[in-house]
2 protein chains.
Amino acid sequence: MGTVTTTSAPGTASTSARALARDHLTRAILASARAQLGTVGPAALSVRAVARDVGLASSAVYRYFASRDDLLTALLVACFDEHGEAVEAAADAVDPADLSGRWSAVAHAFRGWALEHPWDYALLYGSPVPGYEAPAQTVGPATRVTRVLMGLLVDAAAAGVPLARPDEPAPGPAFHAAMTGLRGFAGADLPDDVVLAGLAAWSGLVGGVTLELFGHLDNAVGDREAWFDALTRRLDPFSPSRAG
Amino acid sequence: MGTVTTTSAPGTASTSARALARDHLTRAILASARAQLGTVGPAALSVRAVARDVGLASSAVYRYFASRDDLLTALLVACFDEHGEAVEAAADAVDPADLSGRWSAVAHAFRGWALEHPWDYALLYGSPVPGYEAPAQTVGPATRVTRVLMGLLVDAAAAGVPLARPDEPAPGPAFHAAMTGLRGFAGADLPDDVVLAGLAAWSGLVGGVTLELFGHLDNAVGDREAWFDALTRRLDPFSPSRAG
DNA sequence: TCTTCTTCGAGAGCGGTGCTCTCGTCTGAG
DNA sequence: CTCAGACGAGAGCACCGCTCTCGAAGAAGA
């Protein structure tokens, strides 16, 4: 669905001059689109501008991407992968037993990438692009970050750490039923309090970065690092277990 | 900046046929734009489509709104006001002494309006529109919701309720300094733990609604009401004080 | 080597967009 | 009653996504 057609069968790396040229141009188009996305936002991405940038007629770009939406899909996959990789790397650099440390690393990597690529972040976690529906091929890369977070939850559950706060009422059976899909996705039978704690932390993280990046803290919060540090600590779902 | 010019001085309601017609058409354009926004998203809003809808030549619309961005600004103000009013009404319908109840009402009203107006919500809290910079006149309406939340924090601070969790480390001096703008905005000298608790709850709320509305819970969470109920309770910054 | 099939790039073109300018018309104030 | 100002329509400009056609160039078979 990304490229229109492929001369060689999938897996067999053709080295013909034509295939090489095709590969090169596909990459150039994607890179140019990515660069344009960095300055102008997904909704304003222009196939014609990309074509001008790589030195092609606008119609020629359609030999490589069937439509603007296809180009958007490729960008979506690239950004999700890059973002996921950054978060994974940060999580893996921390002692696996230190859940709070892993959480903090994940949160800061999440925000760090977003600050470096604000429009890419908007493509991933901002408003949907009006006419565009993300195809199935994007859900894999899209879930890399959530997979990292779920890894934290699975480890917490395996260690038997309760993530509910002392006074927090247990989520009811409706919540348990609602989370069937997520439990299946995690591949582990996570307790409800763990799932809820994880989702709340995830919401707070996305919300915090979104508020900052989309300008909702502009006249309210000065030092953004201090703000995010404090937010991360406050959201840390594993923090209660450290003291108690 | 909204309308191009006004025949009558501001405040004096002119009843001349021309002024009436102008008022009527301005409203019709805004209503049509709002309706179009409801189906297609801010980035795809088309002045020409609005013109067709209200039965005008596209050029005539520019007699009423100087540009597409001006129309967007008017929509932004209208949506912020509507959203703020919904949240305010929900908060005012609860016993003022019941902080957790007010929080829950605010959160559910926030989400309720967002679910009813997904694209309007995207305009308010989603990605920035590429070429568009929100003018100063939007910040007033934009802060209505946050004002309600800050009212909660001010009341909590006045009641001397500590909002930090038992094991939570106090935010440092850098955080205190970062929140100068917000304290000035609140008009009260809120303690750091109260500010942090409020911002974290605010982040979680925006993040939760954003995740749900922008499709990030699609294959993970079934019953959305159950999920949001549980999230709201988990995020409730006043909950610890109830039990302790 | 010659031929045939496919791929590719360019250009023209269609209907859409935001926006500007001009040109008649009509209104309201002096 | 007159005349400046407001107004609507239309043409036009530069841009957009996308399609179609056509000629050049590469790949593959005879």
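Treat the numbers as computed from the prediction; the structure is a model and nothing was measured. (Residues numbered from 1 in each chain as written. Chains lettered and ligands numbered in written order. Predicted model: local features only at pLDDT ≥ 70, side-chain atom pairs only at ≥ 80, totals over all residues.)

Looking at the overall build of chain A
Phase 1: A count of helical and extended segments in chain A gives 13 helices and zero strands.
Phase 2: Helices (α) and strands (β) of chain A occur, in sequence order from the N terminus, as α-α-α-α-α-α-α-α-α-α-α-α-α.
Phase 3: Structurally, chain A occupies a C-alpha span of about 65 × 45 × 35 Å along its principal axes. (Helix = DSSP H or I, 4+ residues; strand = E, 2+ residues; numbered from the N terminus.)

Considerations on the interface of chain B and chain A
Reports of interface size often rely on the accessible area that becomes lost once the parts have come together.
Phase 1: With 53 residues of chain B at the contact, the number on the chain A side is 54 residues.
Phase 2: For the side of chain B that touches chain A, the elements supplying multiple residues, two or more each, are α9 (173-178), α10 (180-186), α11 (192-213), α12 (224-235) and α13 (239-243) of chain B.
Phase 3: Here the side of chain B that touches chain A takes 11 residues from α11(B), the largest share from any one element.
Phase 4: Classifying every residue of the side of chain B that touches chain A gives 31 nonpolar, 15 polar and seven charged. (Contact = placed C-beta atoms within 7 Å. Nonpolar A, V, L, I, M, F, W, Y, C, P; charged D, E, K, R; others polar.)

Structural notes on the protein's contact with DNA strand D
Phase 1: Around DNA strand D lies a shell of 23 residues, among which R48(A), S59(A), S67(A), R68(A) and S59(B) are the nearest.
Phase 2: Contributing elements (two or more residues each) for the surface near DNA strand D: α1 (17-40), α2 (47-54), α3 (58-61) and α4 (68-92) of chain A together with α1 (17-40) and α3 (58-61) of chain B.
Phase 3: Class assignment for the residues of the surface near DNA strand D results in eight nonpolar, eight polar and seven charged. (Near = placed C-beta within 6 Å.)

Let's talk about the UniProt feature "DNA-binding region" (unreviewed entry) in chain A
Phase 1: Under the UniProt annotation, "DNA-binding region" (unreviewed entry) lies at residues 46-65 of chain A.
Phase 2: For the annotated span residues 46-65 of chain A, helix accounts for 60% and strand for 0% of the residues, and the straight-line distance between the end C-alpha atoms is 13 Å. (UniProt positions renumbered as here; feature names shortened; annotations may be inferred.)

Focus: the environment of A33(B)
All names here are of chain B.
Phase 1: Within the secondary structure, A33 is located in helix α1.
Phase 2: Judged by the 26 C-beta atoms lying within 10 Å of it, A33 is buried.
Phase 3: Distance from A33 to A114, taken between C-alpha atoms, is 18 Å for residues 81 residues apart in sequence.
Phase 4: Setting aside chain neighbours within four positions, we find A33 in contact with L45, V50, L71 and L75. (Buried ≥ 20, exposed ≤ 12 C-beta atoms within 10 Å, placed from the backbone.)

As for the relation of the copies chain B and chain A
Phase 1: Screw-axis analysis of chain B against chain A gives a translation of 0.0 Å along the axis, an RMSD of 0.0 Å, and a rotation angle of 180°. Such a combination of turn and shift is consistent with a two-fold rotation axis.
Phase 2: Of the residues that chain B buries at the interface, 100% are likewise interface residues in chain A, meaning the two copies contact each other through the same surface. (Least-squares fit on C-alpha atoms with pLDDT ≥ 70 in both.)

Details of the confidence of the model for chain A
Phase 1: On average, residues of chain A score 91 in pLDDT, and 92% of them are at 70 or above.
Phase 2: In the model, residues 1-13 of chain A has pLDDT below 50 throughout and makes 15 contacts with residues more than four positions away in sequence or in other chains. (pLDDT = per-residue confidence, 0-100.)

As for the protein's contact with DNA strand C
Phase 1: Taken together, 23 residues form the shell around DNA strand C, and within it S59(A), A17(B), R48(B), S59(B) and R68(B) come nearest.
Phase 2: Going through the elements one at a time, α1 and α3 of chain A together with α1, α2 (47-54), α3 and α4 (68-92) of chain B are the ones with two or more residues in the surface near DNA strand C.
Phase 3: When its residues are assigned to classes, the surface near DNA strand C shows eight nonpolar, eight polar and seven charged.

Some thoughts on the UniProt feature "domain: HTH tetR-type" (unreviewed entry) in chain A
Phase 1: UniProt marks residues 23-83 of chain A with the feature "domain: HTH tetR-type" (unreviewed entry), using the numbering shown here.
Phase 2: Between the end C-alpha atoms of residues 23-83 of chain A there is a gap of 23 Å, over a span that is 75% helix and 0% strand.

Side note on the nonpolar core
Phase 1: Core analysis: the biggest nonpolar cluster contains 153 residues, and V106(A), F110(A), L153(A), V106(B), F110(B) and L153(B) have the highest contact counts within it.
Phase 2: In contact with L153(B), not counting residues within four places along its chain, are A186(B), L190(B), V194(B), V195(B) and G198(B). (Core = buried A, V, L, I, M, F, W, Y, C linked by C-beta atoms within 7 Å.)

Some remarks on the domain arrangement of chain A
Residue and element names in this part refer to chain A.
Phase 1: By domain assignment, chain A separates into domain 1 (10-66) and domain 2 (75-243).
Phase 2: Between domain 1 and domain 2, the C-alpha centre-to-centre distance is 32 Å.
Phase 3: Each side of the interface is counted separately: domain 1 has eight residues, and domain 2 has eight residues.
Phase 4: Taken together, the residues of the side of domain 1 that touches domain 2 sort by class into five nonpolar, two polar and one charged. (Domains from an automatic or database assignment.)

Regarding the environment of C79(B)
All names here are of chain B.
Phase 1: Relative to the assigned elements, C79 resides in helix α4.
Phase 2: Residue classification places C79 among the buried residues on the basis of 24 C-beta atoms within 10 Å.
Phase 3: When the C-alpha atoms of C79 and W119 are compared, they prove to be 10 Å apart, with 40 residues separating the residues in sequence.
Phase 4: Those residues in contact with C79 that sit more than four places away from it in its chain are D120, L123 and L124.

A word on helix α5 (residues 99-116) of chain A
Residue and element names in this part refer to chain A.
Phase 1: With 18 residues, α5 should reach 26 Å at 1.5 Å per residue; the first-to-last C-alpha distance of 26 Å fits that figure.
Phase 2: Within α5 the residues assigned to the buried category are L99, R102, W103, S104, A105, V106, A107, A109, F110, R111, W113 and A114.
Phase 3: At its buried positions, α5 is contacted by α4, α6 (118-125), α8 (144-158), α11 (192-213) and α12 (224-235). (Expected span 1.5 Å × (residues − 1).)

A word on the environment of F185(B)
Residues and elements named next belong to chain B.
Phase 1: In this fold, F185 is placed in helix α10.
Phase 2: A count of 15 C-beta atoms within 10 Å places F185 in the partly exposed class.
Phase 3: Each C-alpha atom of the pair F185 and M150 lies 9.0 Å from the other, and the pair is 35 residues apart in sequence.

Structural notes on the packing of α4(A) against α5(A)
Residues and elements named next belong to chain A.
Phase 1: Interaxial distance between α4 and α5 falls to 8 Å at its minimum, and their mutual angle equals 150°. Looking at the two axes, α4 sits roughly antiparallel to α5. In the packing of α4 onto α5, the handedness of the crossing is right-handed. Residues H83, A86, V87, A90 and A91 of α4 lie in contact with α5, whose contacting residues are R102, A105, V106, H108, A109, F110 and W113.
Phase 2: Across the contact of α4 with α5, the residue classes tally to nine nonpolar, two polar and one charged. (Axes fitted to C-alpha atoms, helices over the stretch in contact; angles between N-to-C directions. Parallel < 35°, antiparallel > 145°, perpendicular 65-115°, else oblique. Left-handed = near helix turned anticlockwise from the far one by under 90°.)

Here we look at the packing of helix α8 (residues 144-158) of chain B against α11(B)
Residue and element names in this part refer to chain B.
Phase 1: Contact geometry for α8 and α11: axes closest at 10 Å, N-to-C directions at 150°. By the angle between their directions, the pair α8 and α11 is classed as roughly antiparallel. Pair α8 / α11 crosses with right-handed handedness. Contact residues: α8 offers L149, M150, L153, A156 and A157, while α11 offers V194, V195, G198 and W202.
Phase 2: The class makeup of the residues in the contact of α8 with α11 is eight nonpolar, one polar and no charged.

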